[in-house]
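# A structural walkthrough
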Amino acid sequence: MSAGFLAHGIGARQDLPLPLDLLVQGAVLALLASFFGLGVLWRSPRLRAGAAGWALPDAIQRIVDGAALRWLLRGLGLLATAYVLVTALAAPSDKNPLPYVVYVLFWVGMVPVSLLLGPVWRRINPLRTIHLLLAAITRIPADRGLRALPEWLGYWPAVASLFGFVWLELAAPDRAAVPVLLWYFACYVLIHLSAALLFGQRWFATGEGFEVYFTVIATLAPLGRRDDGRLVLRNPLDGVATLGSAPGIVALVGVLLGATFFDTISGSAEWGLAVQRLPVSRVVIATAGLLVTIGVVALTFAGATALAGRAGDRGRRSVPGLLAHTIVPIVAGYVIAHYFSFLIFEGQQAIALLTDPLSARPQISGAINYGLVTATGIALVQVIAVVIGHILAVISAHDRSVALFPKADAIIGQLPLMVLMVGYTVGGLTLLFAA
């Protein structure tokens, strides 16, 4: 299986409805206008986080929380996983659906599903179901495990887990090869099931990378739960405000945003030329580039928020974690911008391969309809996603700032983070369209 389909972006600078410099200037002006408008009109905290939302009818609540739906989703998750595994083992290499399932339908496709419906992956995660079965067989308490999960671990296991996958996707050799993917997921399953047996099912919420990622994205969904467990419709900004501070949270958002940035950088012609000229293997260069990009994102965010804490007379140590949720809309915006066309077009190929994995034909021709959306339409989606993501981040940061800092210092405290978000906007749009 060729790795060519991992070239994620489709669309170019000439597809933009306006010149890139004008679009960048417009995006920056929109952020600044939002910032100053909020400073005038939004003087006290308005986002209620886990206390917010309009309760859905009791009948819907009973269905969603009922054992029948819960086990149906678990069964579907196991069945889908088994089907993908069987087809991956049986299908010929030139028609194997596994790379498309992993990189397109799962890694990218679960993001819009989570944005619309909430933490769906938590319900269908096959690792959770297998863990319940293993716990029943071994008589290890599924909820508690064998020992308490240390609080200091926080999100650090998920950070390591997610970095391992983005390294596989963006730096590893033969990353689309079926044997490589099978070995990777075999090790992944073994590690996380062992950890779940040791620490209990709580492990999945903070340790299992994929569930953590999709759950973080799902905080922006209009469907969510209040602190009392009630299923509600809510403002997505109330939802993302529920993401609390925990060890590793800054590194987590750094991995999510930095990996998307590096994916864009590594797809540029300039990067390709640089890799060819350097007397070092592509894997080493890509690994170094991925680490540097993630490090820059995490350190600039930590630095900007630490400065915000100092300016707001709050201290430095706690503020980065308390403001980490403000990066989630930016992550979602860049994921949509970068992978939108990839999902639309390669998703068609993934479905075609899944529905006909054992055909005698060497390839499925004509599976992709490139007329579904134009290049200009893709460019518009990219610009809108990036700008809206940053505006939502500005609103989230402002609301949290007026809650954290004294009123007289709230605007001053936000300035370092605002400068950083402007930098992300300019850099992100430039990477998307000028590379």
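Above this text sits the structure in question.
A few points on the structure. (Residues numbered from 1 in each chain as written. Predicted model: local features only at pLDDT ≥ 70, side-chain atom pairs only at ≥ 80, totals over all residues. Heavy atoms only, no water.)

## Here's the deal with the overall build of the chain
Along the backbone of the chain there are 19 helices and three strands. Each of the 435 residues in the chain was classed as buried or not, and the buried ones make up 51%. Taking the contacts inside the chain whose residues are at least 6 apart along the sequence as the reference set, 83% of them involve residues at least 24 apart. With an accessible surface of roughly 19600 Å², the chain has 69% of that area assigned to carbon and sulfur atoms. (Helix = DSSP H or I, 4+ residues; strand = E, 2+ residues; numbered from the N terminus. Buried < 20%, exposed > 50% of the residue type's maximum accessible area, 1.4 Å probe, protein only. Contact = heavy atoms within 4.5 Å. Areas by Shrake-Rupley, 256 points an atom, 1.4 Å probe, with all protein chains shown as cover.)

## Brief notes about the pattern of salt bridges
Considering all chains together, one arrives at six salt bridges under this definition. Residue arginine 226 pairs with aspartate 228 through a salt bridge whose shortest N-O separation is 3.1 Å. Under the relative-accessibility criterion, arginine 226 is labelled partly exposed at 23%. Salt bridges linked by common partners bring Asp65, Arg123 and Arg225 together as one network. (Salt bridge = Lys/Arg side-chain N within 4 Å of Asp/Glu carboxyl O.)

## A closer look at the nonpolar core
Formed by 108 residues in total, the largest nonpolar core has its most connected members in Trp107, Phe210, Tyr213, Leu252, Leu257, Phe301 and Tyr424. Top element by residues in this core is helix α17 (residues 328-355). It accounts for 12 residues. Contacts of tyrosine 424, omitting those with residues within four sequence positions, involve Leu257, Phe261, Val297, Thr300, Phe301, Ile327, Ile330, Tyr334 and His390. (Core = buried A, V, L, I, M, F, W, Y, C linked by side-chain atoms within 4.5 Å.)

## Considering the packing of helix α8 (residues 156-170) against helix α9 (residues 178-199)
At a closest axis distance of 12 Å, the pairing of α8 and α9 adopts a crossing angle of 180 degrees. By the angle class used here, α8 and α9 are roughly antiparallel. Across from Ser161, Gly164, Phe165 and Leu168 in α8, the residues of α9 making contact are Val180, Leu181, Tyr184, Phe185, Tyr188 and His192. Within the contact of α8 with α9, the residues separate by chemical class into seven nonpolar, three polar and no charged. (Axes fitted to C-alpha atoms, helices over the stretch in contact; angles between N-to-C directions. Parallel < 35°, antiparallel > 145°, perpendicular 65-115°, else oblique. Nonpolar A, V, L, I, M, F, W, Y, C, P; charged D, E, K, R; others polar.)

## As for the sheet that holds strand β3 (residues 231-233)
Read across the open sheet, the three strands follow the order β1-β3-β2; overall the sheet is antiparallel. For this open sheet the edge positions go to β1 (54-55) and β2 (223-225), each flanked by a neighbour on one side alone. For β2 and β3, the ladder comprises three bridges, and the chain directions are antiparallel. Residue pairing for β3: leucine 223 is matched across the bridge by leucine 233. (Pairing = 2+ DSSP bridges.)

## Let's talk about the packing of aromatic side chains
The tally for this structure, following the rule as stated, stands at 21 aromatic pairs. An aromatic cluster is present here, built from Tyr103, Phe106, Trp107, Trp121, Phe165, Tyr184, Phe185, Tyr188, Phe210, Tyr213 and Phe214 joined pairwise through their rings. Across from the ring centre of tryptophan 42, 5.0 Å away, lies the NZ or CZ of arginine 46, which sits over that ring. Across the ring face of tryptophan 71, the terminal group of arginine 74 is positioned such that the distance to the ring centre comes to 4.5 Å. (Phe/Tyr/Trp six-rings, centres within 6.5 Å; stacked < 30°, edge-to-face > 60°. Lys NZ or Arg CZ within 6 Å of the ring centre and 35° of its normal.)

## Things to note about helix α3 (residues 67-90)
For α3, spanning 24 residues, the distance from its first C-alpha to its last is 34 Å, which sits close to the expected 34 Å at 1.5 Å a residue. Contacts from the buried residues of α3 go to α4 (98-106), α6 (120-124), α7 (126-138), α9 and α17. (Expected span 1.5 Å × (residues − 1).)

## Notes on a nonpolar patch on the surface
On the surface, Leu29, Leu32 and Phe36 cluster together into a nonpolar patch covering about 300 Å² of accessible area. Assignment of secondary structure puts leucine 32 in helix α1 (residues 20-41). The class of leucine 32 is partly exposed, set by a relative accessible area of 31%. (Patch = residues over 30% accessible without salt bridge, like charges linked within 9 Å, V, L, I, M, F, W, Y side chains within 5 Å.)

## A look at unusual backbone geometry
Even without glycine at this site, alanine 49 takes up a positive phi of about 50 degrees. Looking at the secondary structure, you find alanine 49 in the loop between α1 and β1. Non-glycine residue aspartate 174 carries a positive phi angle of around 55 degrees. By secondary structure assignment, the location of aspartate 174 is in the loop between α8 and α9.

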